[in-house]
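Architecture at a glance
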Amino acid sequence: MAALRTALNGRLLQTLPFSFGSLRFASSFKAADLVIERNTACKPRPDPSTLVFGKQFSDHMLTITWSEKDGWDAPQIKPFQNLSLHPASSALHYSIELFEGMKAFRGVDNHIRLFRPMLNMARMHRSAERSCLPLFDKGELLECIRKLVEVDQEWVPYSLDASLYVRPTFIGTEPSLGVSRPGKAMIFVIVGPVGPYFATGSFNPVSLLADPSFVRAWKGGVGAYKMGGNYGPTIAVQNEAVKRGCQQVLWLYGEQEEITEVGTMNLFIYWTNEKGERELVTPPLDGIILPGVTRQSLLDLARDWGEFKVTERAVVMKELLEALDAGRILEVFGAGTACVVCPVGSLLYKGEMHQIPTMQNGPDLAKRFYKELTDIQYGRKPRDWAHLVV
């Protein structure tokens, strides 16, 4: 099983299948060179029960600048502040930028842990190569992030329902309107406390709009990379879903209407397949979907349990609806950093609302996944996925 998990992790960590001819293999910055400037005017920390996602930030930030001429500067942790950018910066005009999303948790033992952070570092490194941004040592960046969380450790909520969200971001800062590789760039990391995805503390099923006229990503594109350009254009479609009485979007692709992602999450279907087997299915890493850390974690857990079949393959709308009509669907849920798992209760497709029996079935599997992952994240269950910060 360990060998299988190693192979599967290798799939998630795999590099690009071809080279973009990047000349940015310069030596990386070093965490040992980190310079720390303490904030002398720290803010009061909010009550964990009042937290709203992405609205509050800590007292410090990490910045690391790069230029083609001088290479990487020493990393800096400094008081949280606005950035100063040239108006022609390439990130502002041509979306030469990428980001990551990860969390730090204060455990039942008061230790602070990051959850599988090297998977985030590997994904960020792949996105950087695809964006023609300079490459870096993944371990060195993780150590800089660990130090930032250590400096702002009191911002990690003293709560088992909240966490510290960590947002590494990488932008091109080349002051030129030419469409070309940037000669200047910056990594910055900001952190802030966030509350539970579900305000009630329980699972709230979402309804999905599946409209094939809207496409999130396509073969040969950049759907597998965590770039801002993959997210901004989805807001209008999300608003359209709300107008039609839905909360999220089920993204379809191609003439066969392949199911890809749900909102900004990876999608899972737990059903009885045509052979009568219990099976967990999720779309494959074929370049369209984002290789989520939570996605990989659910697959690893399910394969460790060995209680049902686990499959990564394409599923089309016709197949899903036929299984639904036959009563073979047990649970459908999304998976991501923000919510861990998010149950799906209904699906609007071509004017017809289809009810999905996720909640009628517990949802036993979704709840089991949620408990297993949060037990690891909050230190209730030891596993090497939890990276100790302090």
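Rules and cut-offs
- Residues numbered from 1 in each chain as written.
- Predicted model: local features only at pLDDT ≥ 70, side-chain atom pairs only at ≥ 80, totals over all residues.
- Heavy atoms only, no water.
- pLDDT = per-residue confidence, 0-100.
- Contact = heavy atoms within 4.5 Å.
- Buried < 20%, exposed > 50% of the residue type's maximum accessible area, 1.4 Å probe, protein only.
- Helix = DSSP H or I, 4+ residues; strand = E, 2+ residues; numbered from the N terminus.
- Pairing = 2+ DSSP bridges.
- Axes fitted to C-alpha atoms, helices over the stretch in contact; angles between N-to-C directions.
- Parallel < 35°, antiparallel > 145°, perpendicular 65-115°, else oblique.
- Left-handed = near helix turned anticlockwise from the far one by under 90°.
- Arc of directions from axis to C-beta.
- Nonpolar A, V, L, I, M, F, W, Y, C, P; charged D, E, K, R; others polar.
- Core = buried A, V, L, I, M, F, W, Y, C linked by side-chain atoms within 4.5 Å.
- Phe/Tyr/Trp six-rings, centres within 6.5 Å; stacked < 30°, edge-to-face > 60°.
- Lys NZ or Arg CZ within 6 Å of the ring centre and 35° of its normal.
- 1 Å grid on protein atoms, 1.4 Å probe; cavity = no way out; pocket = protein on both sides within 12 Å on 5 of 7 lines; lining within 4 Å.
- Points joined across faces, edges and corners; volume = space filled by probe spheres on them.

1. A look at the confidence of the model for the protein
- Per-chain confidence: the protein averages 93 in pLDDT, with 92% of residues scoring 70 or above.
- Note that residues 1–23 has pLDDT below 50 and, in this model, 37 contacts with residues that lie over four places away or in other chains.

2. Some remarks on the pairing of strand β6 (residues 102–106)
- Within β6, five of the five residues are buried, leaving the element largely enclosed by the surrounding structure.
- In β6, alternate side chains face the same way, and those of Met102, Ala104 and Arg106 on one face and Lys103 and Phe105 on the other are all buried.
- Bridge analysis of β6 against strand β8 (residues 163–172) gives three bridges, and the strand direction is antiparallel. Among the inter-strand pairings, Met102 is bridged to a residue of β8, identified as Val166.

3. Let's talk about the packing of helix α3 (residues 117–130) against helix α4 (residues 138–151)
- Contact geometry for α3 and α4: axes closest at 10 Å, N-to-C directions at 125°. Considering the angle they form, α3 stands oblique to α4. Crossing handedness for the pair α3 and α4: right-handed. Residues Pro117, Met118, Met121, Ala122, Met124 and His125 of α3 touch α4, and the partners they reach there are Lys138, Gly139, Leu141, Leu142 and Ile145.

4. Digging into helix α5 (residues 234–243)
- Buried within α5 are the following residues: Thr234, Val237 and Ala241. Within α5, the buried residues cover an arc of 60° as seen down the axis, which keeps them to one side. Facing away from the buried side of α5 by over 90 degrees, the exposed positions are Ile235, Ala236, Val242 and Lys243.
- Residues of α5 that are buried in the fold lie against β10 (206–210) and β11 (248–253).
- Once α5 finishes, Gly245 follows within two positions and takes phi at roughly 85°, a positive value.

5. Quick word on the packing of helix α6 (residues 293–305) against helix α8 (residues 364–377)
- It is the contact of α6 with α8, at a shortest axis distance of 11 Å, that shows an interaxial angle of 105°. One element, α6, and the other, α8, form an angle in the roughly perpendicular class. Contacts from Thr294, Ser297, Leu298, Leu301, Ala302 and Trp305 in α6 reach Leu365, Arg368, Phe369, Glu372 and Leu373 in α8.
- Along the lines of polarity and charge, the residues of the contact of α6 with α8 split into seven nonpolar, two polar and two charged.

6. Re the nonpolar core
- By size, the foremost hydrophobic cluster in this structure holds 37 residues, and its most contacted members are Leu62, Phe136, Leu141, Val149, Phe170 and Ile187.
- Of all the secondary structure elements, the ones that give two or more residues to this core are β2 (60–67), β6, β7 (112–115), α3, α4, β8 and β9 (184–194).
- Among the elements that make up this core, the one with the highest residue count is α4 (seven residues).
- Each residue touching Ile187, except ones within four places of it in the same chain, is listed here: Phe29, Leu62, Thr63, Ile64, Trp72, Met124, Phe136, Leu141, Thr169 and Phe170.
- By size, the runner-up hydrophobic cluster in this structure holds 27 residues, among which are Phe268, Leu298, Val340 and Tyr378.

7. Describing the packing of aromatic side chains
- As enumerated under the stated definition, the model contains 13 aromatic pairs in all.
- Aromatic rings pair up to connect Phe29, Trp72, Phe136 and Phe170 into one cluster.
- Positioned above the aromatic ring of Phe80, the side-chain terminus of Lys43 is 5.4 Å from the ring centre.
- Between Arg383 and the ring centre of Trp385, over which it is positioned, the NZ or CZ distance is 3.9 Å.

8. A closer look at the layout of surface pockets
- Of the pockets and cavities examined, the largest pocket occupies roughly 1,100 Å³.
- In terms of lining residues, the largest pocket is bounded by 49 residues, among which Phe53, Arg167, Tyr231, Thr264 and Ala338 are the most central.
- Elements supplying a minimum of two residues to the lining of the largest pocket: β8, β9, α5, β11, β12 (258–262), β13 (265–272), α6 and β16 (329–336).
- When residues of the lining of the largest pocket are assigned to their parent elements, the largest contribution, five residues, is made by β9.
- Partitioning the lining of the largest pocket into residue classes produces 25 nonpolar, 18 polar and six charged.

9. Considerations on the pairing of strand β18 (residues 352–355)
- Where strand β17 (residues 340–349) lies against β18, four bridges are found, and the strand directions are antiparallel. Residue pairing for β18: Leu348 is matched across the bridge by Met353.

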